[in-house]
Amino acid sequence: MNSTTGQPIQKMTFGRMPKPWASFNLETGELVTADRVDIGKPAPGKVVVPVSVWVTPKK
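The structure displayed is predicted, hence computed values, not measured ones. (Residues numbered from 1 in each chain as written. Predicted model: local features only at pLDDT ≥ 70, side-chain atom pairs only at ≥ 80, totals over all residues. Heavy atoms only, no water.)

Asks: Help me understand the overall build of the chain, please; the structure alone is not making it clear to me.
Replies: For the chain, the helix and strand inventory stands at zero helices and three strands. Listing the helices and strands of the chain from first to last along the sequence gives β-β-β. When each of the 59 residues of the chain is scored for burial, the buried share is 17%. For the chain, the exposed surface amounts to about 4700 Å²; the carbon and sulfur share of it is 57%. (Helix = DSSP H or I, 4+ residues; strand = E, 2+ residues; numbered from the N terminus. Buried < 20%, exposed > 50% of the residue type's maximum accessible area, 1.4 Å probe, protein only. Areas by Shrake-Rupley, 256 points an atom, 1.4 Å probe, with all protein chains shown as cover.)

Asks: I'm lost on the packing of aromatic side chains in this one. Help?
Replies: Remark: the centre distance and the inter-plane angle together describe each pair of aromatic rings, the angle taken between the planes. Using the criterion set out here, one finds zero aromatic pairs in the structure. Here R36 stacks its cationic end above the ring of W54, 4.3 Å away from the centre of that ring. (Phe/Tyr/Trp six-rings, centres within 6.5 Å; stacked < 30°, edge-to-face > 60°. Lys NZ or Arg CZ within 6 Å of the ring centre and 35° of its normal.)

Asks: Teacher, can you tell me more about the confidence of the model for the chain here?
Replies: Reading fine detail from the predicted coordinates is not recommended where pLDDT is low. Across the chain, pLDDT averages 79, with 85% of residues at or above 70. Element-level pLDDT for the chain is lowest in strand β1 (residues 23–25), with a mean of 82, against a maximum mean of 84 in strand β2 (residues 31–39). (pLDDT = per-residue confidence, 0-100.)

Asks: Mind showing me how you'd approach the environment of T33 here?
Replies: Note that T33 resides in strand β2. The exposure class assigned to T33 is buried, which follows from its relative accessible area of 18%. Linking T33 and P57, residues 24 residues apart in sequence, is a C-alpha distance of 6.4 Å. Leaving out residues up to four positions away in the same chain, T33 has contacts with W21, A22, S23, W54, V55, T56 and K58. (Contact = heavy atoms within 4.5 Å.)

Set out below in C-alpha cells:
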C-alpha cells in the first residue's frame, strides 16, 4: 500500500516478515521504505496470513 494515497501498489511474497524500517525494490525498480506492517487474520481453515506493508517511495 502506498502511504500517501492508500492505494495498493503490488502483491509480493516475502520469505519472512519485513522489518518496518526495511527498504526494498518494487517490480518497477522503484526503491521504497516500509512504514507500517499490518497483519490480518487467516481465513477459517487456512494457515496463510494476509499482511499489508505500507510503503513510502524514496526520493
